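Residues per chain are reported as follows:
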Amino acid sequence: MVSITGFKRLNALKNKEMYGYMLAGTSLIIGTIFNQLSFLFYFAIAFLGWKNHKKELDEIQLYYFIMPYSIIIGFSVWNYGVAHFVAVVIGILIAIVFSKVMKGLINYIDIKFGIIFLLPITFFTLSYSFDKLPALNVIEIPSILAPIYNHTPILRIASVIGVYLTIFTIVLLINSIIGLILDKSNTKIYKAIIAIIILLIISSNVLSTGDMLVIEESKPINVAAIQGDVVSVEGRPLVLGERFDFDFNHYKNMLSNVEADIFVFPQVPLGIYDIENRADHLYRQRLISLANEKNGILVGLLIESSSIYGGKRHKFISAYLVSPEGFIGKSSKRNLNFFTQSIIFSQSDNYSTVFSDYGELGVTISDDIRDLNTVRLLKKNGAEVILSTSNDDNFGVTFPANYNLFPVINAIQYNIPVVVANQDGTSMVVDKSGKIISQLDVKEKGVLVNEVKVQKTISIYSLFGRYLELLLAIFIAVLVIKSIRRYYF
């Protein structure tokens, strides 16, 4: 019989200290489920910083710290149809890889004051890699920052340095506070780092909440975001055409007493759009009629295709903007679900905005809002507000914090209001500073109606911050290459 001592990770569980790492790792992500406990995120980073300064971090300890988070990643993969036990296996394998990478970054990279900077570098590297590497960024991985998505005063530093350097900075701040307590030899450095970060937090809040970066007078408009799970409604037809009718009437009834300038529907198809203009007259006309009735602009999803030429090349998931005068623009989905949608639909590479009486409108569909580059390009092309039609309810109560983070971070990074209408939660209205004006939780039904300011603004992150991310990524890559050459060649 194989001795369990041959399995060093299992054998390590005999040491009660490992359970402390597991508890801290759970604290890192528990706020994704219970937002009332989101403060535990800081405890988890502080625990790791404490062990880092005591030089007690090794591969096994890091494995048990990261395992709760990696199990969540495993279930992200499971969402695409993988069996539950496979999700757990994937999570364990990811934890093994993560712990090896973290150990390598913390223990083998040789830089001055490594005890201060290597832990933040590790968190930056893991987050940056998952979002940037093509083989990894197709997986819906929860962000490290997801538990604190509504800690806006802290997150506003992303307005200057972006989300990845925000992760780096938060970890650096906590690690420096722990260092100030434990490491008396570098007191001046820790105090300087803490002071600089506090100054960055204060200045970014002043810039984000004020009008210093506004270059055009604002136009206040009322926007309505509709949330309701029509898919689960009893009696919903199976026949596609009848289902279009049912869904349209369901949401139309929800708007019976709602007044607004723009109405954003969730990502539920309300009909088809035939580019040949032959088979879609019913769907076109009733949207225009509803726009007339509400005297506003509708943003609703239609399946775009050709009644003459079949196939994927002419098929898009598209959000159409309809005014009382007719169709004024469209936006097709750029980030298709890799496992399902990309097989059936074509991917759009168009980041144009839609001109309207209320300003330039940037429209995203579901996964687009999680792709930080999409909002950047829409902003670059003149968008003054982001309207997102979505159906990100796949994980129920497990991942709402992760989905909530991206509208907030996009608003902060690009200094632009974001409105999300989600089929089954969560929907939200976020101002340009990242403040959540209103929100509907998972499984709630209703319509958010709020005033947002449409205006031309400057994004410091777009101008400078994103290049800082790239420079840090290149710097880390150079350090890794040097370390590999030093230890293996």
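All of these numbers come straight from a predicted model, not from anything done at the bench. (Residues numbered from 1 in each chain as written. Predicted model: local features only at pLDDT ≥ 70, side-chain atom pairs only at ≥ 80, totals over all residues. Heavy atoms only, no water.)

Explain the sheet that holds strand S8 (residues 359-365) to me, please; I cannot follow it from the model alone.
Strand pairing in a sheet is mediated by backbone hydrogen bonds. Such pairs are either parallel or antiparallel. The mixed open sheet is built from six strands, whose spatial order is S7-S8-S9-S10-S11-S12. Edge strands, defined here as strands with exactly one partner in the open sheet, are strand S7 (354-356) and strand S12 (436-440). Going across the sheet, the axis of each strand differs from the next one's by a mean of 20°, ignoring polarity. The pairing of S8 with strand S9 (residues 385-390) spans five bridges and is parallel. Of the residues in S9, the one forming a bridge with Ile 365 is Thr 389. (Pairing = 2+ DSSP bridges. Helix = DSSP H or I, 4+ residues; strand = E, 2+ residues; numbered from the N terminus. Axes fitted to C-alpha atoms, helices over the stretch in contact; angles between N-to-C directions.)

Can you help me understand the side chain of Ser 127 in this one?
By secondary structure assignment, the location of Ser 127 is in helix H6 (residues 114-132). Setting aside its immediate chain neighbours within four residues, Ser 127 contacts Ile 144, Tyr 164 and Ile 167. (Contact = heavy atoms within 4.5 Å.)

Looking at this structure, I do not really get the nonpolar core. What am I missing?
What tends to happen in soluble globular proteins is that the nonpolar side chains get buried as a cluster. Phe 123, Phe 124 and Leu 145 are the most contacted members of the largest nonpolar core, which has 96 residues in total. In terms of residue count, helix H8 (residues 158-182) provides more of this core than any other element does, 14 residues in total. Every residue in contact with Leu 145, bar those within four places of it in the chain, is listed here: Phe 41, Leu 155, Val 163, Thr 166, Ile 167, Ile 170 and Leu 405. With 27 residues, the next largest nonpolar core counts Val 223, Leu 301, Phe 345 and Val 419 among its residues. (Core = buried A, V, L, I, M, F, W, Y, C linked by side-chain atoms within 4.5 Å. Buried < 20%, exposed > 50% of the residue type's maximum accessible area, 1.4 Å probe, protein only.)

Sorry, what's going on with the pairing of strand S1 (residues 219-227) here?
Where a strand is regular, its side chains alternate between the two sheet faces. By the bridge criterion, nine bridges tie S1 to strand S13 (residues 446-454) in an arrangement that is antiparallel. Bridged to Ala 224 within S13 is Val 449. Taken together, the three bridges between S1 and strand S2 (residues 262-264) define a ladder with parallel strand orientation. For Ala 224, the partnering residue across the bridge sits in S2 and is Phe 263.

Quick question: what am I supposed to make of the packing of helix H2 (residues 17-29) against helix H3 (residues 40-53) here?
Helix packing for two helices is described by the angle between their axes and how far apart those axes are. Between H2 and H3, whose axes approach to 7 Å, the crossing angle comes to 140°. With respect to H3, the axis of H2 lies oblique. Where H2 crosses over H3, the handedness of that crossing is left-handed. Residues Glu 17, Gly 20, Tyr 21, Ala 24, Ser 27 and Leu 28 of H2 form the contact with H3, whose participating residues are Leu 40, Phe 41, Phe 43, Ala 44, Ile 45, Phe 47 and Lys 51. Residue classes in the contact of H2 with H3 are distributed as nine nonpolar, two polar and two charged. (Parallel < 35°, antiparallel > 145°, perpendicular 65-115°, else oblique. Left-handed = near helix turned anticlockwise from the far one by under 90°. Nonpolar A, V, L, I, M, F, W, Y, C, P; charged D, E, K, R; others polar.)

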